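Summary of structural features
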2 protein chains.
Amino acid sequence: MSRKVTAKIAKSSMAQAVRAAPGALHVPAQVDWQLGGLAEQTKAIEPGVVPGFPPGPAPQQHGPDSACAESRRAPRGGAEVRGRTARWLPPLLSGALHPPALMGPPRRLLLVSNSTLRGGGYLGHCQQQVRSFFGQKVKRVLFIPYALHDRDAYAKTAREKFESLGYGLDSIHESSDPVEAVRKSEAIFIGGGNTFRLLKALYDNSLLQEIRKRVLEDGIPYLGSSAGTNVATISINTTNDMPIVYPPSLQALGLVPFNINPHYLDPDVNSTHMGETRAERILQYHEEPNTPPVLGLREGAMLLVEGDKATLQGVTGARLFLRGEKPTEHEPGTDFSFLLTDSNSQKP
Amino acid sequence: MSRKVTAKIAKSSMAQAVRAAPGALHVPAQVDWQLGGLAEQTKAIEPGVVPGFPPGPAPQQHGPDSACAESRRAPRGGAEVRGRTARWLPPLLSGALHPPALMGPPRRLLLVSNSTLRGGGYLGHCQQQVRSFFGQKVKRVLFIPYALHDRDAYAKTAREKFESLGYGLDSIHESSDPVEAVRKSEAIFIGGGNTFRLLKALYDNSLLQEIRKRVLEDGIPYLGSSAGTNVATISINTTNDMPIVYPPSLQALGLVPFNINPHYLDPDVNSTHMGETRAERILQYHEEPNTPPVLGLREGAMLLVEGDKATLQGVTGARLFLRGEKPTEHEPGTDFSFLLTDSNSQKP
């Protein structure tokens, strides 16, 4: 994200920022995919006039602070990008220009490729990293089990594991007010399953904006596994899952400005199956315009993000796909911090 | 589809049908998933009143015959079903209750799992069936190459193959008026690639309704391969592809009242990969309410539909998934006609 962009685009603060420094919203074209064409939207900004927010009272149907729930606003945001590759656009406009490294505590993310490695128990292969990530300070973790159908059973599995690691676990589906549960949480864990089902439930429960706020503004730690890693990125355009439901958009939390392909799988040279390989699918994604980097995280790999620093952990490595370039292989320990910056199309 | 449902739901003809026989629109609840809740929508129908079509002139924004292109109507239709599993709803309302077997020439479909079998050339494994399907009467085939990025190259490959089989081939992307190209076509072939990209392009070019009309009303033969087979069914909910773009809906052509999973792949007992198997993904789909049967077509298999008769062809067989039931295995030659009827939840 451009260092020049320091304005936080909430309804009021964007108006203030534009009034105070209309020139501050210049966004280089090459990073505009991160901002979902916001540069284009702001080109014609007049001081004191914010796109989408007329000078007078905003009409209910367009104002982001209207009585409409996020889940009802989201389809309109989604509708605007129909006919285009999903990019970082509203409905999460209020956080879209939030440069987490420039204000408040740093973001803290642990994005795991897979929940279980063959032969190991649930989260067994990453439990040391999880314990180190949450540390002593976190006492209870808020679990989001929306990716699986049987939420009770899923919460039971997660609770047993987290209690064995010394943490209490509250499952959001047991709360009467999911948004409030996120507001009060001290750490978030979104588990794997079907990514479409998960993202749709996040929209249905109006959670995306609140989770973004807690992680990017308040700095609470976010643990994602598989589908929970997918939704932490810009979009779920690079999920492996079957589209069993139709979310109002493919845009996700955008906690990092690129995409991840979890469970990344190398081509099987002995296979006679003619379906596309994983690499071919990601290359198809990059045939679309303005598509961000995709980090293929093999099972056993995970990405640790601490503020502006991103490090590949685990034992299996990752494959990085940049649009128009040959994919590159990366060993555990690789510093992927460049993926968090404006110039993330530059290899290290 | 219910035998009682004989009304064709085009704007004018539905009005006529309701006026003529208001009771004819009773739809049994158990087949309402085929109709996308149309039974519910039509419960309160008064003679002469069509849901969504006021007695006076229909408003532009709702009338299916308005000046709005299908691609612009589609998002609104899609928006209505957000928050629900994709079912057979508008935007294709005008064809939704069309019982193809009850009027006009019978539908003719050849739905192939895959374009190429390992070791064979493009469409090599099904060329005899293709020739037999199109026969002597068809002279030129309209090819729809939208599923791949390089349409010119794709059309070249397809043209060479079809010319070798004795057919001329016109690629729709070379036409200045794609809808008119469909109108004039004597046979349609939609090739494989990325199913999301294909479906989005069909919506963008306002082609779904016209293709439905040509196939279901005019009886021209439809050949689909891989993604082209996916879009022939109710929806693309059971595609294997990556959602590299966001179509305005997952609803597809609905030429058959069930879903297909092409490239169906049996679990690899030697794999250590922990991503869901294909069967697990389809079972996840069936965890959602009101989901139709899914026919898992292995590579090398294809489904021939001639009017009310559906037969499994090829050499590799298929696996059938019915919601709430154990999947069943089916040999080449299986009569799948029951999947075309109301009682398609009944096994043969």
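Since this is a predicted model, take the numbers as computed values, not measurements. (Residues numbered from 1 in each chain as written. Chains lettered and ligands numbered in written order. Predicted model: local features only at pLDDT ≥ 70, side-chain atom pairs only at ≥ 80, totals over all residues. Heavy atoms only, no water.)

1. Looking at the overall build of chain A
- Scanning chain A from N- to C-terminus turns up 12 helices and 11 strands.
- Classification of the 348 residues of chain A by burial places 59% in the buried group. (Helix = DSSP H or I, 4+ residues; strand = E, 2+ residues; numbered from the N terminus. Buried < 20%, exposed > 50% of the residue type's maximum accessible area, 1.4 Å probe, protein only.)

2. Quick notes on the relation of the copies chain B and chain A
- Between the two copies, chain B and chain A, the superposition gives an RMSD of 0.0 Å; the rotation angle is 180° and the shift along the axis is 0.0 Å. A rotation of that kind, with that shift, is consistent with a two-fold axis.
- When the interface residues of chain B are mapped onto chain A, 100% of them are again interface residues, pointing to one common binding face. (Least-squares fit on C-alpha atoms with pLDDT ≥ 70 in both. Contact = heavy atoms within 4.5 Å.)

3. Re the sheet that holds strand E4 (residues 188-190) of chain A
Residue and element names in this part refer to chain A.
- A sheet is described by the order of its strands in space; here 7 strands give the open sequence E3-E2-E4-E5-E1-E8-E9, paired in mixed fashion. Every other strand in the sheet has two partners, leaving strand E3 (168-171) and strand E9 (309-314) as the edge strands with one partner each. Neighbour-to-neighbour, the strand axes of this sheet turn through a mean angle of 20°, independent of strand direction.
- Direction of pairing for strand E1 (residues 108-112) relative to strand E8 (residues 301-306): antiparallel, over a ladder of 5 bridges. Within E8, the position partnered with Val112 by the bridge is Met302.
- Where helix H6 (residues 127-134) meets the sheet, it contacts E1, strand E2 (140-144), E4, strand E5 (222-225), E8 and E9, and its direction lies at approximately 170° from that of E1. (Pairing = 2+ DSSP bridges. Axes fitted to C-alpha atoms, helices over the stretch in contact; angles between N-to-C directions.)

4. Side note on the pairing of strand E7 (residues 294-298) of chain B
All names here are of chain B.
- The buried count for E7 comes to 5 of 5 residues, which makes it a mostly enclosed element.
- Looking at chain direction, strand E6 (residues 259-264) and E7 are connected through 4 bridges and run parallel. Opposite Tyr264, over in E7, you have Arg298 as the bridge partner.
- Two strands pair when backbone bridges link them, and E7 and strand E10 (residues 318-321) are joined in this way by 4 bridges, in the antiparallel orientation. Looking across to E10, one finds that Leu295 is bridged to Leu320.

5. Section: the interface of chain B and chain A
- Taken together, the 51 residues of chain B in the interface contact 51 residues of chain A.
- Here chain B packs against chain A, burying approximately 4,300 Å² in sum over the two surfaces, 55% of which is carbon and sulfur.
- Here chain B is connected to chain A by 6 salt bridges.
- One salt bridge connects Glu287(B) with Arg197(A), and the closest N-O pair in it is separated by 2.7 Å.
- At the junction of chain B and chain A, the tally comes to 21 residue pairs in polar contact (both at pLDDT 80 or more).
- Secondary structure elements with two or more residues in the side of chain B that touches chain A: helix H4 (70-81), helix H9 (195-204), E6 and helix H12 (278-287) of chain B.
- Here the side of chain B that touches chain A gets 6 residues from one element, more than from any other, and that element is H12(B).
- Split into classes, the residues belonging to the side of chain B that touches chain A amount to 18 nonpolar, 19 polar and 14 charged. (Buried area = accessible area lost by both parts, 1.4 Å probe. Salt bridge = Lys/Arg side-chain N within 4 Å of Asp/Glu carboxyl O. Polar contact = N/O pair within 3.5 Å; in protein donor to acceptor, adjacent residues only side chain to side chain. Nonpolar A, V, L, I, M, F, W, Y, C, P; charged D, E, K, R; others polar.)

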